[in-house]
Amino acid sequence: MGYVTQPMSRIFVSHSSIDNAQAAALRDWLAAEGWNELFLDFDPQHGIAAGEQWEQALYTAAHRCEAVLFLISRAWLASTWCLNELTLARRLNKRLFGLMIEDGVSAQELPSDLTRTWQVVNLATGRDRHMIRTHMPVTGEETEVSFPREGLARLKNGLQKAGLHASYYAWPPEDDPQRPPYRGLRPLEPDDAGIYFGREAATIEAIDTLRGLRAGAAPRLLVVLGASGAGKSSFLRAGLWPRLTRDDTAFFPMPIVRPERAPISGDNGLVASLDAALNASGITISRVEVMDAVARGAPAIKPLLQRLVASRPRDADAAPPAIVIAIDQAEELFAAEAEEEAAAFLRILNELVTSDAPAIIAVFTIRSDNYERLQETPSLAALHQEILSLPPMPRGAYTDVIKGPLRRLDGTPREIKIQESLVDALLSDIEEGGAKDALPLLAFTLERLYDEYHATGQLRLEHYEKLGRVKGSIEAAVERAISASTANPSIPRDRPGRLELLRRGLIPWLAGVDPDTGAPRRRVARLSEIPIEARPLIDRLVDQHLLSTDFTPDGEKTVEPTHEALLRQWGLLQGWLAEDAGLLGVMEVVKRAARDWDANGKRSGWLTHTGDRLKTAEGLRGRPDLAGNFDRTDWDYLTACRKAEHAARRRRRRVQATVTTLLLSIIAGLFAYINREFLEEQLNWYWKMRPYMMANFRPHVLPRGKELALRSGDSFRECAKDCPELIVIPAGSFIMGSPATDEEKYPNEGPQRFIRHAQAFAVSKFHVTFDEWDACANVGGCPPIQDSGFGRGNRPAINMTWPEAQQYVAWLSRMTGQQYRLLSESEWEYAARAGAETRFTWGDDVGENQANCQGCGSEWDNRQTSPVGRFKPNAFGVYDAHGNVFQWMADCYENSLDGIPSNGAPRRTRACDQRVRRGGSWTSRPRDLRVTGRSIIGIDYRNYNGGLRVGRTLQQPPADPTQYRAPPPGLPPEGSHAMRPAR
């Protein structure tokens, strides 16, 4: 079926008033071809009315249009206002058409930076011409204008391709001529673009935004937000994707990714999307090679995407299309069953969208109540995201949703008329029920009406009444499914028995509870996972379109609720979920904890279920219907938790026995309860920590003589392994803070202060690493911390609070008998400057590949932490003074440097719950890496960009006072002085 000439297109016509005749003729031709809604400033219907604010009217018209036609003549090129319209259209990222209406004007005379994005049509020259008789504006004078037929044909074809309205898409598809016009709870697919109504304005806004992202710099992300039931999947699949596919010179949309359980390897994962795109483009490559490329990450995927772009023919001077990767239902990335692949998938996506060659745009659809997870996930947290919100539809849009699909059947053997009283009843019921689930309920009801009554050639109000109206349509479908099971002898005859069987087939395989929000959540299950006795009932729900099926690449059948609205609108299921909500939440939490435990080497520090929490989790054994969702790792985790609990109980019993014996020998158990925790700590000390100290630390502690002999630049480590390597920082003086003349300065970086360090001190060469932190955690000296998926080993330890950082340096002090501590602000800046007067230790500019930050030019920029020591040290031998991770300071935070002790000590105030971090991180801009940069943070804050560097007090005599320079007069200075370390 071809294009239907009932378009609702909005076209803006830009022209010089000298060319009014040509503009009027083009308007008449467009109207005759079906483009009735266009903006022409002098048009009495769609132009600017008398008394209207013309400038705002022009802006509004340009903003809502789908395409802009520029009638180019020398008068147009000379008109300031016409060029302003061009600038506005470009700023709004509109589809542009340049219509050459004056002979002798060439494309070379057009603005050079825009011609690559135009579709230029010659309406000035040509022999076979179409004559148009029109009337001049204002005067009404009749005149004749002719345009070449070839040019008009090109314009018509271009406008049809640019058209966003559903009527510009053939429907039904050739391979499915009996396709129903209503799709029920299932999302509309690209084949349904011709019946997608109600979101025209949002579609225009999304495409305009994507054009802007393509023209701009990386990263390029668009997030489509909406409540569950807003129609995000249909918007993406039937609204946005077909339009992007048609605009193939600007976009190369990949097959849509849906995470489900496996966003990389799943049926609709990244591998499947890339494989399908390559095959469709005629690029011969095996699926195994695609899987291998994805396993190796973005650097191996990029060449495949470049081949896709190269497969598209384009003019030599035309910009290549942008690859568009869509992730539908992105909230599934944060489900427990998807965690294994989700982190890797998001890291790959980060690497793809933050670089070009080719340009890549990521488009997410996600429920509004899950967007915070997407914002805060480490791989995307630092990237700018464009947001498009899908609010509830207005009443007029619902009318289009009801009537529009049936209009596509007009004049065909399948033509159907809908009674206006039925339309009014549907709209009334939607308004009465509120916005929640209005769209999926309406879609399901329309599908039922069509299925039951389309053979009559009309849909009537009495049909609607028989189906139970909108509110009862889902319940009625469920009852039909249950009733249809009567003939199956394996299904219980009594209703309670059937319902109990149905419950076992649905929960937890197809319906669960999000443990973070408590909201119902649909799940995708393999049919083989669902209890075999419940499958006949599941099949009946599929027959009623309440559940949907699909197949994996290896041919196994999968099942899922057709829409999440089913979990909210089916009262019985809603009740079952409410009854099981607690246990379902426990199940999800156990699965997450088990995956974390397994991913971290099954270390005991990751066993988080103890006491009553563990008892509740083990209670799932009494619910085989829920426990069947656990895999071997989940059960191993709970078994390990129980063993750890028994071991802890035995230790507590030993401690209690020891306490009782000790205290009975003193005062008959007087202090038994008070000293229990202390004795437990002592037992850990004598049985675990002290032996570790004696073997790993004490033989390596610097003797006093060697410590006195240390000189600037000497390095030492006071353990056999897994403790910080330290380097000696000389005594000396310097000016702390930023000069007033520094344009990069923040207000809290001054006034400058003269600081004198009378004695040398030591700092760790590198940030404290996970190897070093884990050594402390493994003997009970520090709490375990997470690595956010970046890896452990020699990467900097992250995700510790300020008290936990203090706990680590206190542990080092106990192990060595020496004074380890956090650095003061002035010590850190003195050690980081290493004699430099510049913003960074190497100069005033951040340079290239000197550090890890957002814009530092390293391979880890804005992606994750880098292993320590990958960049050049400063003049004192300190590595990573700038970037990678922020470093906790000992100081309390104040808004200026006033009051900083001049002797290099930390600034402390009472009740201090805000501390200082220095150095910047992998997520920071270069400005925040400067040696004078200061960051305020709460003491209980933990994050994937924060770590620590330790200091150690040295037993050395004070430096010769004659080695210090005198403080410059009139501090704060203007930046003309710097430190001079003592020699």
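Details of the structure are given in the entry above.
Calculation notes
- Chains are numbered independently. Their residues run from 1 in the order of the written sequence.
- The predicted origin of the model limits local features to residues at a pLDDT of at least 70 and limits the giving and counting of side-chain atom pairs to 80 or more, whereas totals for whole chains, interfaces and linings rest on all residues.
- The basis for the side-chain values is all heavy atoms of the structure; hydrogens and waters are excluded.
- Patches draw on residues past 30% relative accessible area with no salt bridge. Two like charges within 9 Å are joined, as are two nonpolar side chains (Val, Leu, Ile, Met, Phe, Trp, Tyr) within 5 Å.
- The protein chains shown are the only cover counted for residues, whose accessible areas, like all others here, come from Shrake-Rupley with a 1.4 Å probe.
- Throughout this description, the term salt bridge denotes a Lys or Arg side-chain nitrogen within 4 Å of a carboxyl oxygen of Asp or Glu.
- When charges are counted, neither His nor the chain ends are considered; positive counts come from Lys and Arg and negative counts from Asp and Glu.
- Lys charges are placed at NZ, Arg charges at CZ, Asp charges at CG and Glu charges at CD.
- Strands here mean DSSP runs of E at least two residues long; helices mean DSSP runs of H or I at least four residues long; both are numbered from the N terminus.
- Only protein chains enter the area calculation, which uses a 1.4 Å probe; residues under 20% of their type maximum are buried, those over 50% are exposed, and those in between are partly exposed.
- Working definition: rings of Phe, Tyr and Trp (its six-membered ring) pair if their centres are within 6.5 Å, and the pair is stacked with planes under 30 degrees apart, edge-to-face with planes over 60 apart, and tilted otherwise.
- Here, the term disulfide refers to a pair of cysteine sulfur atoms separated by no more than 2.5 Å.
- The convention used is that axes are lines fitted to C-alpha atoms, helices contributing only their stretch in contact, and that angles between N-to-C directions extend from 0 to 180 degrees.
- Our angle categories are set so that under 35 degrees counts as roughly parallel, over 145 as roughly antiparallel, 65 to 115 as roughly perpendicular, and the remainder as oblique.
- Only heavy atoms matter for contacts: two residues are in contact if any of them lie within 4.5 Å across the pair.
- Amino acids are sorted into nonpolar (Ala, Val, Leu, Ile, Met, Phe, Trp, Tyr, Cys and Pro), charged (Asp, Glu, Lys and Arg) and polar (every other residue, Gly among them).

## Brief notes about a positive patch on the surface
Next, step 1: On the surface, R649, R650, R651, R652, R653, R654 and K688 cluster together into a patch of positive charge.
Next, step 2: Broken down by element, the positive patch gets its largest block of residues, 6 residues, from helix α24 (residues 632-667).
Next, step 3: Take K688: it is sitting in helix α25 (residues 672-696).
Next, step 4: Residue K688 is classed as partly exposed on the basis of its relative accessible area, which comes to 42%.

## Quick notes on the packing of aromatic side chains
Next, step 1: For the structure on display, the rule yields 17 aromatic pairs.
Next, step 2: On the basis of an interplanar angle of 65° and a centroid distance of 5.6 Å, the ring pair of F70 and W76 is categorised as edge-to-face.
Next, step 3: Relative to W811, the ring of Y808 has its centre 6.1 Å away and its plane inclined at 35°; by these criteria the two rings are tilted. Within this pair, Y808 and its partner W811 are both found in helix α28 (residues 802-816), separated by 3 residues, close to a single helical turn.
Next, step 4: For Y808, a relative accessible area of 0% corresponds to the buried category.

## Some thoughts on the environment of T610
Next, step 1: Along the polypeptide, T610 turns up in the loop between α21 (571-599) and α22 (611-618).
Next, step 2: C-alpha separation for the pair T610 and P536, spaced 74 residues apart in sequence, amounts to 40 Å.

## A short note on the state of the cysteines
Next, step 1: One pass over the structure, following the stated rule, counts 4 disulfides.
Next, step 2: With its sulfur 1.9 Å from that of its partner, C776 forms a disulfide with C782. Disulfide C776-C782: torsion about the S-S bond near 80°, hence right-handed.
Next, step 3: One disulfide bridge connects C892 with C912, the sulfur atoms lying 2.3 Å from each other. Since a negative S-S torsion denotes a left-handed disulfide, the C892-C912 link at about -140° is left-handed. Placement of C892 in strand β26 (residues 886-892) and of C912 in the loop between β26 and β27 (914-918) is noted, with a sequence separation of 20 residues between them.
Next, step 4: Under the relative-accessibility criterion, C892 is labelled buried at 1%.

## Let's talk about unusual backbone geometry
Next, step 1: Going from I507 to P508, the amide bond is cis rather than trans, its omega being 5°.
Next, step 2: Mapped onto the elements of the fold, P508 is located in the loop between α18 (495-506) and β15 (511-513).
Next, step 3: A cis amide bond links G750 with the next residue in sequence, P751, at an omega value of -5°.
Next, step 4: Position of P751 among the secondary structure elements: in the loop between β22 (732-736) and β23 (753-757).
Next, step 5: Positive phi is not limited to glycine here, since E260 has a value of about 45°.

## Brief notes about the packing of α18 against helix α19 (residues 535-543)
Next, step 1: Where α18 meets α19, the closest approach of the two axes is 9 Å, and the angle between their N-to-C directions is 80°. For the element pair α18 / α19, the angle class is roughly perpendicular. Where α18 abuts α19, its residues R498, L501, L502, G505 and L506 lie against L537, I538 and L541.
Next, step 2: Per-class residue counts for the contact of α18 with α19 are 6 nonpolar, 1 polar and 1 charged.

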